[in-house]
Amino acid sequence: MSNTQTFQKWSIDPTHTEVQLKVKHLVISTVTGSFNVFSGEVQTETDNFDGADVEFSIDAASIDTNNPDRDAHLKSDDFFGVEKYSEIKFTNGKLKEVSGSDYKLTGNLTIKDVTKEVTLDVDYGGTVKDPWGNNRAGFELEGKINRKDFGLTWNTVTEAGGVMVSDDVRLLINVQVVAA
């Protein structure tokens, strides 16, 4: 295959995609949350996705930490404020090959009303044709943001002087896209 092809649009397959965050709780353990409703697309002119444009949006109210009380708190104004800020958005994303299957994805992440540029590490798993003739590609993304940079500042101090919730949030995203 040549390295260039005509412009191709790819859509996220939600049944084969996971969007997770991990946050330290009381500094001693990690809580994992998943977003269950999201959409996005990738547009590329190359077979290997180098230079691809990426857009992604998450329904903030779809957060699920396996604890309804914690989920309700995360949806409140202390954190995501989902009544006013229903979406978390990643826009103007550009995927760049670093070496082999290692890529970087840089774009604008908006949480609440704050937009910051972030860069995520990406492992490109490759492209295959599924049994039904659809072209699919897979990516694993990982990165870290400081939640306070996005206005998620709620916290409380423990008796020992530690904090309940870490400022650092790890993002883990496994994405499968299908050619449109």
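All values derive from a computational prediction rather than experimental measurement.

Quick notes on the rules
Residues numbered from 1 in each chain as written. Predicted model: local features only at pLDDT ≥ 70, side-chain atom pairs only at ≥ 80, totals over all residues. Heavy atoms only, no water. Helix = DSSP H or I, 4+ residues; strand = E, 2+ residues; numbered from the N terminus. Buried < 20%, exposed > 50% of the residue type's maximum accessible area, 1.4 Å probe, protein only. Contact = heavy atoms within 4.5 Å. Phe/Tyr/Trp six-rings, centres within 6.5 Å; stacked < 30°, edge-to-face > 60°. Core = buried A, V, L, I, M, F, W, Y, C linked by side-chain atoms within 4.5 Å. Salt bridge = Lys/Arg side-chain N within 4 Å of Asp/Glu carboxyl O. Patch = residues over 30% accessible without salt bridge, like charges linked within 9 Å, V, L, I, M, F, W, Y side chains within 5 Å. Areas by Shrake-Rupley, 256 points an atom, 1.4 Å probe, with all protein chains shown as cover. Lys, Arg positive; Asp, Glu negative; His and termini not counted. Charge placed at Lys NZ, Arg CZ, Asp CG, Glu CD. Pairing = 2+ DSSP bridges. Polar contact = N/O pair within 3.5 Å; in protein donor to acceptor, adjacent residues only side chain to side chain.

Draft legend 1. Expanded view of the overall build of the chain. Assigned secondary structure in the chain consists of one helix and 11 strands. Its helices and strands taken in sequence order, the chain reads β-β-β-β-β-β-α-β-β-β-β-β from the N to the C terminus. Sorting the 180 residues of the chain into buried and exposed places 38% on the buried side. Sequence separation of at least 24 residues holds for 58% of the intrachain contacts in the chain that already meet a minimum separation of 6.

Draft legend 2. Quick look at the packing of aromatic side chains. Here the structure, examined in full by the defined rule, presents seven aromatic pairs. Note on Phe38 and Phe56: the rings are 5.9 Å apart at their centroids and 20° apart in plane angle, and the pair reads as stacked. With Phe38 in strand 4 (residues 38-46) and Phe56 in strand 5 (residues 53-59), this pair connects stretches of sequence that are 18 residues apart. Taking the relative accessible area as the measure of exposure, Phe38 reaches 12% and is therefore buried. Ring-pair connections join several aromatic residues into one group, and the members of that group are Trp10, Phe49, Tyr103, Tyr124 and Phe139.

Draft legend 3. The nonpolar core, seen in detail. Within the largest apolar cluster, 42 residues are counted, with the highest numbers of intra-cluster contacts made by Phe49, Phe80 and Phe139. Phe80 has contacts with Leu21, Phe35, Ala60, Leu74, Lys75, Tyr85, Ile88, Ile111, Lys112 and Leu152, leaving out every residue within four places of it along the chain.

Draft legend 4. Structural view of the pattern of salt bridges. All told, the structure shown has eight salt bridges when counted by the stated rule. The closest approach of N and O atoms between Glu41 and Lys9, which form a salt bridge, is 3.3 Å. One end of the pair, Glu41, is in strand 4; the other, Lys9, is in strand 1 (residues 4-12), with 32 residues separating them in the sequence. Note that Lys148 and Asp167 form a salt bridge whose closest N and O atoms lie 3.5 Å from each other. One end of the pair, Lys148, is in the loop between strand 10 (135-146) and strand 11 (165-179); the other, Asp167, is in strand 11, and 19 residues separate them in sequence. Judged by its relative accessible area of 27%, Asp167 falls in the partly exposed class. A network of salt bridges, in which partner residues are shared, links Asp13, Asp130 and Arg136.

Draft legend 5. Broad picture of a negative patch on the surface. Taken together, the side chains of Asp102, Asp123, Glu140 and Glu142 make up a negatively charged region of the molecular surface. One can find Asp102 in strand 8 (residues 102-111).

Draft legend 6. Region of interest: the pairing of strand 7 (residues 87-99). One ladder, built from six bridges, connects strand 5 with strand 7; its direction is antiparallel. Pairing of Asp53 across the sheet is with Lys94, part of strand 7. Here strand 7 pairs with strand 8 via eight bridges, running antiparallel. By the bridge assignment for strand 8, Thr91 is matched with Asn108. With antiparallel pairing between neighbouring strands as the criterion, strand 7 and strand 8 make up a hairpin whose turn holds two residues, including Gly100 at a positive phi of roughly 60°.

Draft legend 7. Up close: the side chain of Ser62. Along the chain, Ser62 turns up in the loop between strand 5 and strand 6 (63-64). On the accessibility criterion, Ser62 (9% relative accessible area) is buried. Of the polar contacts made by the side chain of Ser62, one reaches the backbone oxygen of Asp59; its length is 2.7 Å. Contacts of Ser62, omitting those with residues within four sequence positions, involve Ser34, Phe35, Asn36 and Val37.

Draft legend 8. Region of the structure containing the pairing of strand 2 (residues 18-25). Bridge count between strand 2 and strand 11: seven bridges; the pairing is antiparallel. By the bridge assignment, Lys22 is partnered in strand 11 with Arg170. Here seven bridges tie strand 2 to strand 3 (residues 29-35), and the two strands are oriented antiparallel to one another. Bridging from a neighbouring strand, Val19 pairs with Phe35 of strand 3.

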